[in-house]
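Reading the structure
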Amino acid sequence: MNKILTTAAVALALALPASAALAQTADKRIALSNNYAGNSWRQAMLKSWAKVGDKAVADGVIAAADAFTTAENQVTEQAAQIQNLILQGYDAIVVNAASPDALNGAVKEACDAGITVVSFDGIVTEPCAWRIAVDFKQMGKDEILYLAEKMPEGGQLLEIRGLAGVFVDDEISAGIHEGVAENPQFEVAGSVNGDWAQDVAQKAVAGILPSLPPISAVVTQGGDGFGAAQAFKAAGRPIPLIIMGNRYDELKWWKEQKDATGYETMSVSIAPGVSTLAMWVAQQILDGQDIPKDLTVPFLRIDQDNLEENLATTEVGGVANVEYTLEDAQEVVNAAR
Amino acid sequence: MTPTLRIAARLLEKPWLWAFAAAFFVWLATIVFTGGQGAAAVLTAALAFGTFSVIVGIGQMYVITLGPGNVDLSIPATMTFAGAASMKIMDTQDSMIFIGLLVALGVGVSVGIFNYALIRLLRIPPIIATLSSSFVFQSAAIAYGRGIKIKPPPVLAEFTTARIVGIPILAIFTVILAVIMAVVLHKTVYGRSVIAIGQNPRAAGFSGISVGFTRFATYVLSATLAGLCGFVLSGFSGGASLNMGAEFLLASIAVVVIGGTSVAGGFANIPGLWGAALFMFLLVTMLNTFGLGAGIRLIMTGLIIISVITLAGGKSTGR
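The notes below deal with the structure included here. Computed from a prediction, not measured in an experiment: that's the story for all the values here.

Let's shift gears to the overall build of chain B. What chain B contains, in helices and strands, is 14 helices and 2 strands. Compactness check: chain B gives a C-alpha radius of gyration of 20 Å against a globular reference of 20 Å for 319 residues, within 12% of the reference. For chain B, the share of sequence-separated contacts (at least 6 apart) that also reach a separation of at least 24 residues comes to 78%. Carbon and sulfur atoms form 74% of the exposed surface of chain B, whose accessible area is close to 13600 Å². The distance from the centre of the 17 positive side-chain charges to the centre of the 6 negative ones in chain B is 15 Å.

All names here are of chain B. What the rule picks out here adds up to 16 aromatic pairs over all chains. When the ring of Phe81 is compared with that of Phe137, the centres are 6.1 Å apart and the planes differ by 35°; the resulting orientation is tilted. In this pair, Phe81 is assigned in helix H4 (residues 75-90) and Phe137 in helix H6 (residues 126-145), connecting sequence segments 56 residues apart. On the basis of relative accessibility, which here comes to 17%, the residue Phe81 falls in the buried class. The buried category is assigned to Phe137, whose relative accessible area is 12%. Between the aromatic rings of Tyr116 and Phe216, the centroid separation amounts to 5.6 Å while the plane-to-plane angle is 65°, which identifies the pairing as edge-to-face. Of this pair, Tyr116 sits in helix H5 (residues 97-120) while Phe216 sits in helix H11 (residues 211-236); the two residues are 100 residues apart in sequence, bridging distant segments of the chain.

Turning to unusual backbone geometry, a few remarks are in order. The backbone of Trp196 of chain A sits at a positive phi, close to 60°, despite the residue not being glycine. Within the secondary structure layout, Trp196 of chain A lies in the loop between strand E7 (186-193) and helix H7 (198-208). If you check the backbone angles, Asp91 of chain B has positive phi at about 45° while not being a glycine. The exposure class assigned to Asp91 of chain B is partly exposed, which follows from its relative accessible area of 41%.

Moving on, we come to the pattern of salt bridges. Residues and elements named next belong to chain A. All chains considered together, the criterion is met by 19 salt bridges over all chains. With its nearest N and O atoms 3.8 Å apart, the salt bridge here joins Arg42 to Asp121. Of the two residues, Arg42 is situated in helix H2 (residues 40-58) and Asp121 in the loop between strand E4 (116-120) and strand E5 (130-133); the sequence distance between them amounts to 79 residues. By the burial criterion, Arg42 is buried, and Asp121 matches it. With its nearest N and O atoms 2.9 Å apart, the salt bridge here joins Asp169 to Arg161. Judged on exposure class, the residue Asp169 and its partner Arg161 are both buried. Salt bridges sharing common partners tie together Lys137, Lys141, Glu178 and Glu182.

Here the focus is the interface of chain B and chain A. Residue-level contacts link 30 residues of chain B with 31 residues of chain A. Along the contact surface separating chain B from chain A lie 5 residue pairs in polar contact (both at pLDDT 80 or more). Listed by contribution, the elements that provide at least two residues to the side of chain B that touches chain A are helix H3 (39-65), H6, helix H13 (271-289) and helix H14 (294-316) of chain B. Of the residues contributing to the side of chain B that touches chain A, the split by class is 13 nonpolar, 11 polar and 6 charged.

With that out of the way, let us pick up the packing of H3 of chain B against H13 of chain B. Residue and element names in this part refer to chain B. Two elements in contact, H3 and H13, have axes whose closest approach is 7 Å; the angle formed by their N-to-C orientations is 130°. Compared by their axis directions, H3 and H13 come out oblique. As for how H3 packs across H13, the hand of that crossing is right-handed. Of the residues in H13, those touching H3 at Val42, Ala45, Ala46, Leu47, Phe49, Gly50, Thr51, Ser53, Val54, Gly57, Ile58 and Met61 are Leu273, Trp274, Ala277, Leu278, Phe281, Leu282 and Thr285. Of the residues that constitute the contact of H3 with H13, the class distribution is 14 nonpolar, 5 polar and no charged.

Residue and element names in this part refer to chain B. Where nonpolar side chains cluster on the molecular surface, the patch consists of Ile164, Val165, Ile167, Ile172, Ile176 and Ile180 and spans about 540 Å² of accessible area. It is helix H8 (residues 169-187) that contributes the most residues to the nonpolar patch, 3 residues altogether. Of note, Ile167 is situated in strand E2 (residues 167-168). Judged by its relative accessible area of 36%, Ile167 falls in the partly exposed class.

Let us look at H2 of chain A. Residue and element names in this part refer to chain A. Compared with the 27 Å implied by 1.5 Å per residue over 19 residues, the 27 Å span of H2 between its first and last C-alpha is a close match. Looking at H2, one finds that the buried residues are Ser40, Trp41, Arg42, Gln43, Ala44, Met45, Leu46, Ser48, Trp49, Val52, Gly53 and Ala56. Residue Gly60 follows H2 closely and has a positive phi angle near 80°.

Residue and element names in this part refer to chain A. In the contact formed by helix H10 (residues 274-286) and helix H12 (residues 326-336), the axes pass within 9 Å of each other and the chain directions differ by 80°. Comparing the axis directions of H10 and H12 gives the class roughly perpendicular. Only Leu326, Ala329, Gln330, Val332 and Val333 of H12 make contact with H10, whose side of the interface consists of Leu277, Trp280, Val281, Gln283 and Gln284. Of the residues assigned to the contact of H10 with H12, the class counts are 7 nonpolar, 3 polar and no charged.

Definitions and cut-offs
Residues numbered from 1 in each chain as written. Chains lettered and ligands numbered in written order. Predicted model: local features only at pLDDT ≥ 70, side-chain atom pairs only at ≥ 80, totals over all residues. Heavy atoms only, no water. Helix = DSSP H or I, 4+ residues; strand = E, 2+ residues; numbered from the N terminus. Rg over C-alpha atoms; globule rule 2.2 N^0.38 Å. Contact = heavy atoms within 4.5 Å. Areas by Shrake-Rupley, 256 points an atom, 1.4 Å probe, with all protein chains shown as cover. Lys, Arg positive; Asp, Glu negative; His and termini not counted. Charge placed at Lys NZ, Arg CZ, Asp CG, Glu CD. Phe/Tyr/Trp six-rings, centres within 6.5 Å; stacked < 30°, edge-to-face > 60°. Buried < 20%, exposed > 50% of the residue type's maximum accessible area, 1.4 Å probe, protein only. Salt bridge = Lys/Arg side-chain N within 4 Å of Asp/Glu carboxyl O. Polar contact = N/O pair within 3.5 Å; in protein donor to acceptor, adjacent residues only side chain to side chain. Nonpolar A, V, L, I, M, F, W, Y, C, P; charged D, E, K, R; others polar. Axes fitted to C-alpha atoms, helices over the stretch in contact; angles between N-to-C directions. Parallel < 35°, antiparallel > 145°, perpendicular 65-115°, else oblique. Left-handed = near helix turned anticlockwise from the far one by under 90°. Patch = residues over 30% accessible without salt bridge, like charges linked within 9 Å, V, L, I, M, F, W, Y side chains within 5 Å. Expected span 1.5 Å × (residues − 1).

As structure tokens, this is what we get:
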């Protein structure tokens, strides 16, 4: 009897912090302020948010998880949107921002109104907000490190960059060039802007390809690998090792090549489900947890041996994805402590 | 004046000459830089990608020729919606290609009718009407496809990427389309009505031209060509994506203007569209080949386009 009581007491003690945590945020409302929805990554991001958010609401963890997207990807529009969310009395606003600094005014207003602001992917620099950032530079560098291992003899590289003038593009490219500087057996023979879109990448690569020497590998930023493959095929050139970016069409193409010729590469990007990580971080802050202001998003990397399972779980036309649970989010937070 | 000189002199008066000349010099600069390597392959690529700008450029040119204020900003959204809808309906089956094409064209016709209804019935200026309808149709494409990229049927993919002795088949068809549209523009009542309305809509109306119907037909034409372009581009690039039309908003207007068509309306020419489309592609290729940074590339693109338009425009003002 005594033993049973003790067990029950221990079980209760163990369960208590968790249920207390749930109770404290059960009446809290979280809003997502999103600046853009016009590509498959953002669509997947919104879907993950809706899925995990609805479940959290149904489970009584939070009272609401509403997503709002601006139509025009304009800073002014998103600033106005954030002001509306303040007036609507949300307890936390999760932001994927159109600009790192231009929204700071609106974010400060939200903080001053006692609202928790968590920015992710497109982060804001306002100190009162939390930032869940991506180490894009490391992502670029990882590509070269993989190549250095794969082809120690080195070779000529074609670099496909993103949208000119966007900070993400500068960071990934800086990482790639840093990697090349440390591995001088590689040389960037050409560089084009693919705007993270397969058709733009295909066009740009098709243009520069005739003037290039034989290419050993293509370093990319995601959303451009399949387009690059199409361009090489159309030009009748041998297809080099193309780093992929977790898009369904890229993974599917890779799988086809792998089955046909044993083609080897790797794929790396950010899971769109990072929006759910931001949601849990906001929930934890509302719960009174002490969360570091700067967190880093882990990459989602796909290699030769786990290609099939990742392809199977990736929605047709979507992006390889990971949705976070509360426990996953706590792990990311603990890693940053 | 000898006959050759006379021909040369007449040729120099053509507003489209400058676009071709610019394309040629940019191509020359590229192959000089590479030491002759890839000279033909670059041209093949330019023809392949120029095709899409020309298809939408023809529609945009007809609209712009209607006179000041006329422009079709719904082209990117129409392309995206037509591409997404047709790819989804064909669902990679070869037997459905014809139906897919009809769907793409149907989307185009519907957008055109919707655009003109906004312009005519609600009296919204074309620039606002087509911009707002582009939001409607872009959202429709997002809701319909949810970002899903469905592959084209194999035969369509094969056809849109096939080439004969280095010339893309699609480019050959588009040249034929351009010739037909040039004949329509200069030799038919409809085409001449478009030009007449662009020069003076009141005078055109008094001379018995049905201004309303001509404008209606032109907006439908532009949207239909955008639908067609969305269809073939989806086949060419391995499926429809939500942002596939984005670059064609500016490209469709740029090829019209650089090609020597008057932005103020009333004067149009089709050959210039091809010259300008090749020029735009080769220009980016040249700057990429030179290995310049993105900032310098954009500045150079701007400056070179300004110079070409200035040269071409200087010739056509005398008319």
